[in-house]
Amino acid sequence: MSVSDSGVVIIGAGHAGGTAAALLRQFGFERPITLIGEEPIAPYQRPPLSKAWLKGEADAEALMLKPESFYGESNIRLILGARIDALSCDDKIVVLVDGRTVPYDSLIIATGARARALPIPGADLGGILSLRSAADAENLKSRLGPGRRLAVIGGGYIGLEAAASARALGAEAIVLEREPRLLARVASAAMSAFFTDYHRGRGVTIELDARIEGFEGKAGSVSGVALADGRVIPCDVALVGVGALPNDDLARAAGLRCENGVVVDDHARSSDPAVYAIGDVTQRPMARYDRMFRLESVANALEQARQAASALTGRPVPAPEVTWNWSDQYDVKYQLAGMPFDVDDHIVRGDPAAAKFAVFHLNGDVIQAVEAVNAPAEFMAGRQLIGQRRPISRSRLADTAISMKEVAA
Ligand code: FAD
């Protein structure tokens, strides 16, 4: 390694950035690696922040991607509490908020996404939170408990997980969803109906078609959510879970091609060949779709970290994966494989009333996606069949007397 070797700089010490740094070393990359993140802690996993950690079933250590000692031992320079303010692709430098510059030979942008704000009256009151970071989760948890009332704005996965965790902590919870069903953008109607019933059965109030006008407050803190129909829903804390936006401003300002995220290819390479981007911040291609996607999932972060680390160590492009995601709510383990888009039919296998079933999304006789509730065999076989893209028998798929192994054979 020469003294002037700048190696790889990674902006964003989150799930994707931390994984890319570790994979580079695992793949034999011997040049310098600098991992820079604005949060004060080493890379950690966000999924438990709305689930096990929020309920008090996992401690902070369980969140960490790697023990902090890993970075020193692996000769990865970890700079924390440091926000990158600018990037020059011509000069191959990143600029920290305090003016320091760090040069790179190759750059990986792994800046993730941020919670979308709700620009409505009262949104700046205390107790109106989003849930993206460990600090956000600490803040939320400190406000939940018996006698407290959580209003969740947005019936997506994170909001529903937070509502379930709030119930586990003894708090009341109400979910206010603008659409006529929960999970409207991401799940089948059957799955939306299942989660609506499941939450209601556990004491969560679900309001669909809810039009939110603003927040009301007392002494600077939120005390209620005002709806267009004139009602005010009382609450002590409000969680705004209305989606996330990619942190692509740096890349955009540096002239990299961005369209709702940094546009990358299947090597995770951006429009500048020395710059890669991975994780929630990217707009990426996916095998068997002729359009681009911005995914927010651990599986996506890991897949793209592998793509970038492979490209930087001269390895072949990793085989495309069937993307997947999960959610834990109460005793429900939900798993999704594939992309539930552009499908012409659905087959339900199993019994939603027993909280053990799967919804298969089909295009003709080919499975495009599977949503599974407490049904790991359906998830695993479904994921395999999606990858294989081969037609299946619909009647056999719907028949629980025939095992998934036999369906997939
Ligand atoms: P992040 O992990 O968000 O990391 C990005 C990092 O970059 C952050 O630390 C950020 O502070 C830092 N950063 C941003 N800008 C700068 C800058 N200018 N300078 C320096 N640092 C910067 N996915 C699943 O698959 N399953 C789940 O069940 C699931 N549950 C989730 C629950 C919650 C509450 C949340 C928030 C997310 C969940 N996700 C889940 C999504 C998953 O956590 C993300 O897809 C994953 O973290 C993406 O990794 P990333 O590295 O792209 O982004």
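Rules behind the numbers
Residues numbered from 1 in each chain as written. Predicted model: local features only at pLDDT ≥ 70, side-chain atom pairs only at ≥ 80, totals over all residues. Heavy atoms only, no water. Helix = DSSP H or I, 4+ residues; strand = E, 2+ residues; numbered from the N terminus. Buried < 20%, exposed > 50% of the residue type's maximum accessible area, 1.4 Å probe, protein only. Contact = heavy atoms within 4.5 Å. Areas by Shrake-Rupley, 256 points an atom, 1.4 Å probe, with all protein chains shown as cover. Lys, Arg positive; Asp, Glu negative; His and termini not counted. Charge placed at Lys NZ, Arg CZ, Asp CG, Glu CD. Pairing = 2+ DSSP bridges. Near = heavy atom within 4 Å. Polar contact = N/O pair within 3.5 Å; in protein donor to acceptor, adjacent residues only side chain to side chain. Domains from an automatic or database assignment.

A. Broad picture of the overall build of the protein chain. A tally of regular secondary structure across the protein chain gives 12 helices and 26 strands. Taking the principal axes of the C-alpha coordinates as reference, the protein chain spans close to 65 × 65 × 35 Å. Taken across its 409 residues, the protein chain has 51% of its residues classed as buried. Of all intrachain contacts in the protein chain linking residues separated by at least 6 positions in sequence, the fraction that spans at least 24 positions is 60%. Of the accessible surface of the protein chain, which amounts to about 17,600 Å², a share of 50% is contributed by carbon and sulfur atoms. Here the protein chain holds 44 positive side-chain charges and 50 negative ones, and the gap between their average locations is 2 Å.

B. Expanded view of the sheet that holds strand S20 (residues 282-285). Taken in spatial order, the 3 strands line up as S18-S20-S21 in an open sheet, and their pairing is mixed. Single-partner strands in this sheet number two, and they are strand S18 (262-263) and strand S21 (292-293). As paired strands, S20 and S21 are joined by 2 bridges and run antiparallel to one another. Along S21, the bridge assignment pairs proline 285 with methionine 292.

C. Just the pairing of strand S23 (residues 332-338), in detail. Most of S23 is tucked away: 6 of the 7 residues are buried. Of the pairings in the sheet, the one linking S23 to strand S26 (residues 366-373) comprises 5 bridges and is antiparallel in character. Paired with alanine 337 across the bridge in S26 is valine 370.

D. Spatial organisation of the site of the ligand. By nearness alone, 31 residues border the ligand, and Ala16, Glu39, Arg46, Lys51 and Asp280 come closest of all. Between the ligand and arginine 132 there is a distance of 2.8 Å, counted from an oxygen atom to a side-chain nitrogen or oxygen. Here an oxygen atom of the ligand sits 3.0 Å away from a polar atom, N or O, in the main chain of serine 297. For the ligand, whose accessible area on its own is 1,000 Å², the fraction buried by protein is 96%. If you list the elements that add at least two residues to the shell around the ligand, you get helix H1 (15-26), helix H9 (298-312) and strand S22 (324-329). Two domains each donate at least three residues to the shell around the ligand, and these are domain 1 (3-114 + 245-312) and domain 2 (128-240).

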